[in-house]
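# Geometric and topological summary
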Number of protein chains: 2
Amino acid sequence: MVRRITVVGLGLIGGSLSLALKRSGSSEAELVGYVRSPEAAKKAIALGLVDRVEQNLASAVERADMIVLATPVVAMREIMAQIGPHLISGCLVTDTASTKIEVMKWAERYLPPTVDFVGGHPMAGKETSGAEAAQASLFEGCTYCLVPGQNISSGSIQRMVNMVCQVGAKPLFVTASEHDNSVAGISHLPMVISSALVTTTTLSPSWSRMSPLAATGYRDLTRLASGQPRMSRDICTTNRENILGWIDEFIKELTRFRRLVAEGSPEEVEQAFIQARELRQRWLTKHDKED
Amino acid sequence: MVRRITVVGLGLIGGSLSLALKRSGSSEAELVGYVRSPEAAKKAIALGLVDRVEQNLASAVERADMIVLATPVVAMREIMAQIGPHLISGCLVTDTASTKIEVMKWAERYLPPTVDFVGGHPMAGKETSGAEAAQASLFEGCTYCLVPGQNISSGSIQRMVNMVCQVGAKPLFVTASEHDNSVAGISHLPMVISSALVTTTTLSPSWSRMSPLAATGYRDLTRLASGQPRMSRDICTTNRENILGWIDEFIKELTRFRRLVAEGSPEEVEQAFIQARELRQRWLTKHDKED
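Residues numbered from 1 in each chain as written. Chains lettered and ligands numbered in written order. Predicted model: local features only at pLDDT ≥ 70, side-chain atom pairs only at ≥ 80, totals over all residues.

We now examine the overall build of chain A. Within chain A, the secondary structure is distributed over 12 helices and 8 strands. Overall size of chain A, expressed as C-alpha extent along the three principal axes, is 70 × 40 × 30 Å. Long-range contacts, defined as pairs at least 24 residues apart, comprise 76% of the intrachain contacts of chain A with a sequence gap of at least 6. (Helix = DSSP H or I, 4+ residues; strand = E, 2+ residues; numbered from the N terminus. Contact = placed C-beta atoms within 7 Å.)

Facing the 81 residues of chain B at the interface are 81 residues of chain A. Across the side of chain B that touches chain A, the residue classes tally to 41 nonpolar, 22 polar and 18 charged. (Nonpolar A, V, L, I, M, F, W, Y, C, P; charged D, E, K, R; others polar.)

Attention now moves to the relation of the copies chain B and chain A. Each copy of the sequence occupies a distinct position, and chain B is placed on chain A by a rotation of 180 degrees and an axial shift of 0.0 Å, giving an RMSD of 0.0 Å. Between the two chains, the operation in question is that of a two-fold axis. The position closest to the rotation axis in chain B is occupied by the C-alpha of Leu221(B), lying 2.4 Å away. With an isologous cut-off of 70% or more, the 100% of interface residues of chain B that recur at the interface of chain A puts this contact in the isologous class. (Least-squares fit on C-alpha atoms with pLDDT ≥ 70 in both.)

Moving on, we get to the environment of Ala184(A). Residues and elements named next belong to chain A. As for its placement among the helices and strands, Ala184 is situated in helix α7 (residues 176-202). Once the C-alpha coordinates of Ala184 and Ser98 are considered, the two residues, 86 residues apart in sequence, prove to be 9.6 Å apart. Look past the residues within four positions of Ala184 in its chain and what remains in contact with it is Leu189, Asn239, Asn242, Ile243 and Trp246.

Before going further, it helps to examine the sheet that holds strand β6 (residues 116-122) of chain A. Residues and elements named next belong to chain A. The mixed open sheet is built from 8 strands, whose spatial order is β3-β2-β1-β4-β5-β6-β7-β8. The open sheet has two edge strands, β3 (52-54) and β8 (170-173), and neither has a second partner. Going from strand to strand, the sheet's axes swing by 25 degrees on average, the running direction of each strand aside. When strand β1 (residues 4-8) meets strand β4 (residues 66-69), the two strands line up parallel, connected through 4 bridges. Across the sheet, Ile5 pairs through a bridge with Met66, a residue of β4. Lying over the sheet, helix α5 (residues 101-110) contacts β5 (92-95), β6 and β7 (143-148), oriented at roughly 160 degrees with respect to β6. (Pairing = 2+ DSSP bridges. Axes fitted to C-alpha atoms, helices over the stretch in contact; angles between N-to-C directions.)

Right, let's get into the packing of helix α7 (residues 176-202) of chain B against helix α11 (residues 240-263) of chain B. Each pair of packed helices can be summarised by the angle the axes make with each other and by the distance between the axes. Residue and element names in this part refer to chain B. Two elements in contact, α7 and α11, have axes separated by 9 Å at closest approach and are oriented at 60 degrees. The crossing of α7 and α11 is right-handed. Note on element contacts: α11 touches α7 through Asn242, Ile243, Trp246, Ile247 and Phe250, opposite Asp180, Asn181, Ala184, Gly185, His188, Leu189 and Val192. Split by residue class, the contact of α7 with α11 holds 7 nonpolar, 4 polar and 1 charged. (Left-handed = near helix turned anticlockwise from the far one by under 90°.)

This part is about the pairing of β8(A). Pairing of β7(A) with β8(A), which is carried by 4 bridges, proceeds in the parallel orientation. Its bridge partner being in β8(A), Cys145(A) is matched across the sheet by Leu172(A).

Residues and elements named next belong to chain B. The terminal C-alpha atoms of α7 lie 37 Å apart, and with 27 residues this matches the ideal 39 Å at 1.5 Å per residue to within 8%. Of all the bends in α7, the greatest measures close to 50 degrees and is centred on Ala184. Extensive coverage of α7 is indicated by the burial of 24 of its 27 residues. (Expected span 1.5 Å × (residues − 1). Bend = angle between axes of the 7 residues up to and from the residue. Buried ≥ 20, exposed ≤ 12 C-beta atoms within 10 Å, placed from the backbone.)

It is worth spelling out the domain arrangement of chain A at this point. All names here are of chain A. When cut into domains, chain A gives domain 1 (4-174) and domain 2 (178-286). Here the C-alpha centre of domain 2 lies 31 Å away from the C-alpha centre of domain 1. Facing the 14 residues of domain 1 at the interface are 14 residues of domain 2. At the level of elements, α4 (73-83), α5 and β7 are the ones that each hand at least two residues to the side of domain 1 that touches domain 2. Residues that form the side of domain 1 that touches domain 2 fall into these classes: 7 nonpolar, 4 polar and 3 charged. (Domains from an automatic or database assignment.)

The predicted model of chain A averages 95 in pLDDT, with 99% of residues at 70 or higher. For this predicted complex, the interface score ipTM comes out at 0.91, while the overall pTM is 0.91. (pLDDT = per-residue confidence, 0-100.)

Time to look at the sheet that holds strand β4 (residues 66-69) of chain B. Residue and element names in this part refer to chain B. Overall, mixed pairing links the 8 strands, which are arranged β3-β2-β1-β4-β5-β6-β7-β8 in an open sheet. Where the open sheet ends on each side, the last strands, each with one partner, are β3 (52-54) and β8 (170-173). Averaged over all pairs of adjacent strands, the angle between their axes in this sheet comes to 25 degrees, without regard to strand direction. Here strand β1 (residues 4-8) pairs with strand β2 (residues 30-34) via 5 bridges, running parallel. Its bridge partner lying in β2, Arg4 is registered against Glu30. Together, β4, β5 (92-95), β6 (116-122), β7 (143-148) and β8 form the strand contacts of helix α6 (residues 154-166), whose direction differs from that of β5 by roughly 45 degrees.

Take unusual backbone geometry next. Even without glycine at this site, Arg63(A) takes up a positive phi of about 55 degrees. Overall, Arg63(A) belongs to the partly exposed group, with 14 C-beta atoms counted inside 10 Å.

Let's shift gears to the pairing of β2(B). Residue and element names in this part refer to chain B. Where β2 meets β3, 3 bridges bridge the pair, whose relative direction is parallel. Counted as the bridge partner of Val32 is Arg52 from β3. As for the winding sense of the linkage, the β-α-β connection from β2 through helix α2 (residues 38-46) to β3 is right-handed. (Right-handed = clockwise from strand over helix to strand, strands pointing away.)

For the rest of this paragraph, the subject is α6(B). Residue and element names in this part refer to chain B. Counted at 1.5 Å a residue, the expected span for α6 with its 13 residues is 18 Å, and the 18 Å between its end C-alpha atoms agrees. Buried within α6 we find Ser156, Met160, Met163 and Val164. Seen end-on, α6 carries its buried residues on one side only, within an arc spanning 100 degrees. For α6, exposure combined with an orientation more than 90 degrees from the buried face picks out Ser154, Gly155 and Gln158. Tucked into the core, α6 has its buried residues touching β5, β6, β7 and β8. At the C-terminal side of α6, Gly168 shows a positive phi close to 90 degrees. (Arc of directions from axis to C-beta.)

Once that is clear, we can look at the environment of Cys145(A). Mapped onto the elements, Cys145(A) comes out in strand β7. Sequence separation between Cys145(A) and Gly119(A) is 26 residues, and the spatial gap between their C-alpha atoms is 8.0 Å. Excluding residues that lie within four positions of it along the chain, Cys145(A) makes contacts with Gly120(A), His121(A), Met123(A), Leu172(A), Val174(A), His179(A) and Leu213(B).

All right, on to the environment of Leu87(A) then. Residues and elements named next belong to chain A. Looking at where Leu87 falls in the secondary structure, it is placed in the loop between α4 and β5. Overall, the presence of 21 C-beta atoms within 10 Å leaves Leu87 in the buried class. Separated by 145 residues in sequence, Leu87 and Ser232 place their C-alpha atoms 31 Å apart.

Here's what the structure looks like:
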């Protein structure tokens, strides 16, 4: 039974997870939140994100049965090193970072062998960040990736799955390297493309006359460029090789489209767009997505 | 005074324009719609898009004071040639095609000197197409590009502006070459990127394990790939050089991002994302757009 859950970091993801756990009501556990600054503490209390807010990390994780690390990924190494000595035996530790290979290594190295670590990554988010943007429904229907650490007990796996289901998400077990390569393609590549599209267009000498013409299509394609720059940086530094590989694949494919536009017959051009459209439709249908 | 408006082609754009004109109520003009097939005619009547549906082009444009060509762009040349002999003197002809250079040439060549042509392009749309998707509010608040043809009367310009305002859009006068270069950057480049992103990812051997992880970010970035392939083809064939130029600019910029990810310091990477974010925010703010 889980009696105390500590969420470290109450931004969009940590705050939403807390709200979702509270709302589910199926847990009797006390919900403790750790934040660094007095301002963040005040905000977390005002928003009613958790039962108790702590600004001391050791006190926050004291006697917790489950700990969710929801800070920026680069802060996690240090936090694991700090909480390690304060964790009770059998404690389940998880995280919410966008990349998993580095995090799994850190957990292996900094957490004591008496606790279980399961890497986690809810495939949900929005461009607005911070505690104010938190919402209990953020994870509803989303895929929640889980990467079990070494020698983990089946009890911990069960507790992790329960938590994911409680917040309305669907658990998907993957390896860290599969995860990082997959998200590089479907999430990090789009993020880089989106930012590069913004700078390509807005820094053009013609931008002032183009700008009023940009409409919903441009807005959709550039939306990911409005994400948190710090998070984008962390993603690039912790998943470098996979992202580079996907950028190369994409440039190859874009060059194929370029060649078609330059030299292809109208039929060949249309065929390329038909194919892309059908492939996207298949993805939407398979995963019950709506546009 | 406009007594009869004929809309040639009642798909998403033509149908929405008809509905918007009807709704505005400020016009007493009879609204005639031309469609080719009996099925399309039935649908247009059932949806109440226009006052009268014609399947004969000459009858449809007879005694019309204003004609809006809302067919696929490649059909317009033939339509202009066909309607030319049937137009009354002083008639105002306009179109809604996504590219303007070719259309302006055709108008010059195929329409009689007794009529005025103003190229038009409402910067609105959605992925779903066809008469069923038509909605009176489609143009509300959108920019509506206008390219006056040669020797056009100020009366025709006024009538064109009135029509644009009636459907809730904002007229923006541009030259055909400015227009085509601008839309290549903010609309056609995103369309090609979106389709290339779909094929890069879905045709990868890893797609089956990536596919459940793809979420809202992927959906947004690939949305334009669900546009009409025929329309994408027409855009590519009527705006080839501009699109190729923008693809080249984009690949250059993406390569700069690639180099930053590969070799840049974390600070340099973050700075690139900060810049893109700020530039996008400036566009959103300037044009009062919401995300």
